[in-house]
Every structure is written in structure tokens, then in C-alpha cells.
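Structural features, examined
In case you want the letters, here they are:
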Amino acid sequence: MSDEEQEQTIAEDLVVTKYKMGGDIANQALRLVVDAAKPGVSVLSLCEKGDAYIMAETGKVFKKEKEMKKGIAFPTSVSVNNCVCHFSPLKSDPDYTLKDGDLVKIDLGVHVDGFIANVAHSFAVGATKEIPITGRKADVIKAAHLCAEAALRLVKPGNQNTQVTEAWNKIAQSFKCTAIEGMLSHQLKQHVIDGEKTIIQNPTDQQRKDHEKAEFEVHEVYAVDVLISTGEGKARDGGQRTTIYKRDPSKQYGLKMKTSRTFFSEVERRFDAMPFTLRAFEDEAKARLGVVECAKHELLQPFSVLNEKEGEFVAQFKFTVLLMANGPHRITSGPFEPELYKSEYEVQDAELRTLLQSSASRKTQKKKKKKASKTAENATGQPTEDAEVAE
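Attention in this report is confined to the structure presented alongside it. (Residues numbered from 1 in each chain as written. Predicted model: local features only at pLDDT ≥ 70, side-chain atom pairs only at ≥ 80, totals over all residues. Heavy atoms only, no water.)

Scanning the protein from terminus to terminus reveals 10 helices and 15 strands. For the protein, the C-alpha radius of gyration of 20 Å lies close to 21 Å, the compact-globule estimate for 391 residues. If one aligns the C-alpha atoms of the protein with their principal axes, the spans along those axes are about 65 × 50 × 45 Å. Intrachain contacts of the protein at a sequence separation of at least 6 include 78% that bridge at least 24 residues. Counting every atom, the protein has about 17,600 Å² of accessible surface; 51% of that belongs to carbon and sulfur. (Helix = DSSP H or I, 4+ residues; strand = E, 2+ residues; numbered from the N terminus. Rg over C-alpha atoms; globule rule 2.2 N^0.38 Å. Contact = heavy atoms within 4.5 Å. Areas by Shrake-Rupley, 256 points an atom, 1.4 Å probe, with all protein chains shown as cover.)

Taken as a whole and assessed by the stated rule, the structure comprises 27 salt bridges. Residues K18 and D113 are paired through a salt bridge, measuring 2.7 Å at the closest nitrogen-oxygen approach. With a gap of 95 residues between them, K18 in helix 2 (residues 13–36) and D113 in the loop between strand 3 (103–112) and strand 4 (115–124) connect regions that are remote in the sequence. Note on accessibility: K18 and D113 belong to one class, buried. Across the pair K197 and E217 runs a salt bridge whose closest N-O atoms are separated by 2.8 Å. Residue K197 is found in the loop between strand 6 (184–188) and strand 7 (198–200), and its partner E217 is found in the loop between helix 6 (205–210) and strand 8 (221–229); the two are separated by 20 residues along the sequence. By relative accessible area, K197 is classed as buried at 17%. Overall, E217 belongs to the partly exposed group, its relative accessible area being 43%. Connected through shared salt-bridge partners, E7, K189 and E196 make up one network. (Salt bridge = Lys/Arg side-chain N within 4 Å of Asp/Glu carboxyl O. Buried < 20%, exposed > 50% of the residue type's maximum accessible area, 1.4 Å probe, protein only.)

Residues of helix 9 (residues 350–357) that are buried include every one of L352, L355 and L356, and no others. Along the axis of helix 9, the buried positions cluster into a sector of 95 degrees, meaning they face one direction only. Structural note: helix 9 exposes A350 and T354 on the side pointing more than 90 degrees away from its buried face. Along its buried surface, helix 9 packs onto helix 4 (135–154) and helix 5 (161–174). (Arc of directions from axis to C-beta.)

What follows is about the pairing of strand 15 (residues 327–330). Relative to strand 15, strand 14 (residues 314–324) is paired through 4 bridges, and the arrangement is antiparallel. Looking at strand 15, one finds that M324 is bridged to G327. In textbook terms, the turn of a hairpin is the stretch between consecutive antiparallel strands, and for strand 14 and strand 15 this stretch comprises 2 residues. (Pairing = 2+ DSSP bridges.)

Once that is clear, we can look at the packing of helix 7 (residues 258–271) against helix 8 (residues 284–296). One way to put it is that helix 7 packs onto helix 8 with a least axis distance of 8 Å and a crossing angle of 95 degrees. Relative to helix 8, helix 7 is oriented roughly perpendicular. Contacts between helix 7 and helix 8 pair T259, S260, F263 and F264 from the former with K286, A287, L289, G290, V291, E293 and C294 from the latter. Taken together, the residues of the contact of helix 7 with helix 8 sort by class into 6 nonpolar, 3 polar and 2 charged. (Axes fitted to C-alpha atoms, helices over the stretch in contact; angles between N-to-C directions. Parallel < 35°, antiparallel > 145°, perpendicular 65-115°, else oblique. Nonpolar A, V, L, I, M, F, W, Y, C, P; charged D, E, K, R; others polar.)

With that out of the way, let us pick up the nonpolar core. The nonpolar side chains of a soluble globular protein tend to be buried, and buried together. Counting residues in hydrophobic clusters, the biggest one holds 72 residues, and the most contacted among them are I106, V155, I228 and Y341. Counting residues per element, this core draws most heavily on helix 4, which supplies 12 residues. Filtering out sequence-adjacent residues up to four positions away, I106 remains in contact with L30, V33, V34, T76, S77, V78, V119, A120, H121 and F123. Core analysis: the next-biggest nonpolar cluster, separate from the first, contains 16 residues, A117, A223, M274 and I331 among them. (Core = buried A, V, L, I, M, F, W, Y, C linked by side-chain atoms within 4.5 Å.)

Across the sheet, which stays open at both edges, the 3 strands sit in the order 11-10-12 with antiparallel pairing between neighbours. Each end of this open sheet is capped by a strand with a single partner; those strands are strand 11 (276–277) and strand 12 (300–303). Two strands pair when backbone bridges link them, and strand 10 (residues 244–247) and strand 11 are joined in this way by 2 bridges, in the antiparallel orientation. From the neighbouring strand, I244 faces strand 11, where its bridge partner is T277.

Taken together, 3 strands build an open sheet; the order of strands is 2-13-9 and the sheet is antiparallel. The sheet is open, and its two edges are formed by strand 2 (83–85) and strand 9 (236–237), each paired on a single side. Note: strand 9 against strand 13 (residues 306–307), 2 bridges, orientation antiparallel. Opposite D237, over in strand 13, you have L306 as the bridge partner.

What follows is the structure, encoded as C-alpha cells:
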């Protein structure tokens, strides 16, 4: 494939428009699911709601371009408390019903013409300004949110991926928390959710040796993904059914079973190389059967449901950022309310405190003198106002 010559980047206005469209839909889908996440509501119903909204809204854009692929870039996942990620049950799986005080992580992605906008958000069910969340849940949500805010200020041309890794470790430690070991944030390219440049969280010594150092460059796009735990930061496969998979375009294999072949050709036709959920198939039983041979021969990569130890809490924030010529531009983020979370800890490192108090806006800094001082006041509050979420 001659992708190299014709790779489209955010140097083109139309590409930026497509990213922003996807970002807007992702932000709206996220808010819809957050608003619906009340005590007594099932996780399955939330996942279905998010996915249905994404499909409906992406169906309304670029209608004349019949050939253009658009839709879900990551199926809605709702992972609660010690569940780290990728919980998106099928109708035939055990469901989970939300309870007051549950720490909920919602993760989803949208693409328009293969340009991907991912977002993830954490919150506690039933938290109010009158009865804010305290203790370990507050610590881990605060830590993860500040890690995301630090990354927004560090993921910019000229900086190194290792700077982000170090900042995350320091912030997590100041809240007596740990970043989930070995988790990666990926560069995004058209139709590619796992680009080659990555930021690693809390690497083991071996991972630190093996992980490629990289410099961020102008016109790159990243999905910056922060996962912080109150525990020791080790995510393990909890034995729940994997429901989210992705085609690995580098692998070939002649499938033996007719069910597998039918299933796989539908995957290629409908999802290409985007992650998808088995819930998206009309006949769930056939999809469960068909996926087995495909996964066994690595035609599909699994997104396993991972868990931290029982009793611990994990918080996640993920945003998509375009490294524009005039500065980083965050196109996705969730409705974070800092006053709902009261932690006894704060960031200790002086350098990081200064970083977090700096404006993350792209506008010329001169005009920003007043605003920057205001940002400094509420940096640990809600700097998203300054971070210029997609207009």
C-alpha cells in the first residue's frame, strides 16, 4: 500500500474538520451516558445507549459521500470500581447494575472517514456538591484528572514521551496512588487507533528498556489515556468474556469454519481495522462462535476486560489532542466537576504545580495575561475552560 505518499494529516483543514466532528459526537455521547448513569441502571443499557447515539449521529454527517466509512472507533465501555477497562457486556453476559458511590469509567470512540476521536471519563455515581466524594475514590479521581491536565501541557511538539511518563508517576505518587503498569497512549492516524508513537504509564524496568523514546511533532494526533489505581497498579485478566476485538491487518489465515468465515467477512466489511463489539452483530450466538477461530489465529486482537484487586478503585481520563502549528488542541474531554471530589492530598512537586497552573490554551499568550492569572487560581479546579474544547 502506498499510504506513505498520500497520508492525510491535520495540516489539511478538511482533516481537522473531520476530527472535530468526531470529537463533538464523542463528547455528546459521553455526556449522554454520564447523565444516564444513575443508581439502578444497568451497564449493558449504558453501552447500548452510547453506541446507538454514535451510529445515529455519524450517520448524519457527510451523507453524500456514500463510500465514506464512519461510526464507532471504540465501543462504549463502562468499567466500574476495580475493573480497569473494556467492560462492555453482551446481552447473554452477566450485567452489572450501578449503585450509589460506584466509581464509573466510560470509554468510547468515534471516527469520521477513519479520523478517530477517543474520550474517557471517570465520576462517582450520586456525588453532589453537598455530599462530595472523599477518601480513596476522591484521591484516585483527582490524581487521574491532574495527570490528564499535565499531559495536555506536555504533549506538544519538541517534548519527549518520557516527560509525560515521569510526570504521571510523580502526580500519582503524591495522591498515594499508582499508574496502571504498562498501559499505552497511542498516536492516531487515519484508520489506525494504535499508531507507532506511544506514551507508556508506569513501565517495569524491562518495559522502560524496550519502550521507544519519541518526540512529539507538529501535525500529529494522540489519544492520551490515563489510568490510575489506588492499588499497586497491576491490571489482570479477570476471566470475564472479551467482547471487544480489532482486526489485525498484518495477519493472514485461511479460516476453516464457515461460521468464522461469514463472521470475519462481516468484520472486514463493517469495521475494517476499528475496534468493534460482538454486540453489534445481529446474531450474538453466531458472533461468539465465529470470533473463536479468528482470535485463535490472531486475525483479531482482543481487548481483554482487565481488573485491579477487589476493593481498589481505578480512575481513567482520556482525551484526543491535535498538535496544531499554533499549539495543542484538545477535541475531546468529559464534564469534570472538581468540587465533587475532596482529597487530603495535592501535587507536591514544585515544577509540576507550576505546569498545572499554566494556561493550556492555544491563543496567543499576550492576550492571555488576565486569563492566565485566572487559570492559575483554578488550575487544580477546572482548567478545561482554558483548554479550548472543540468549538
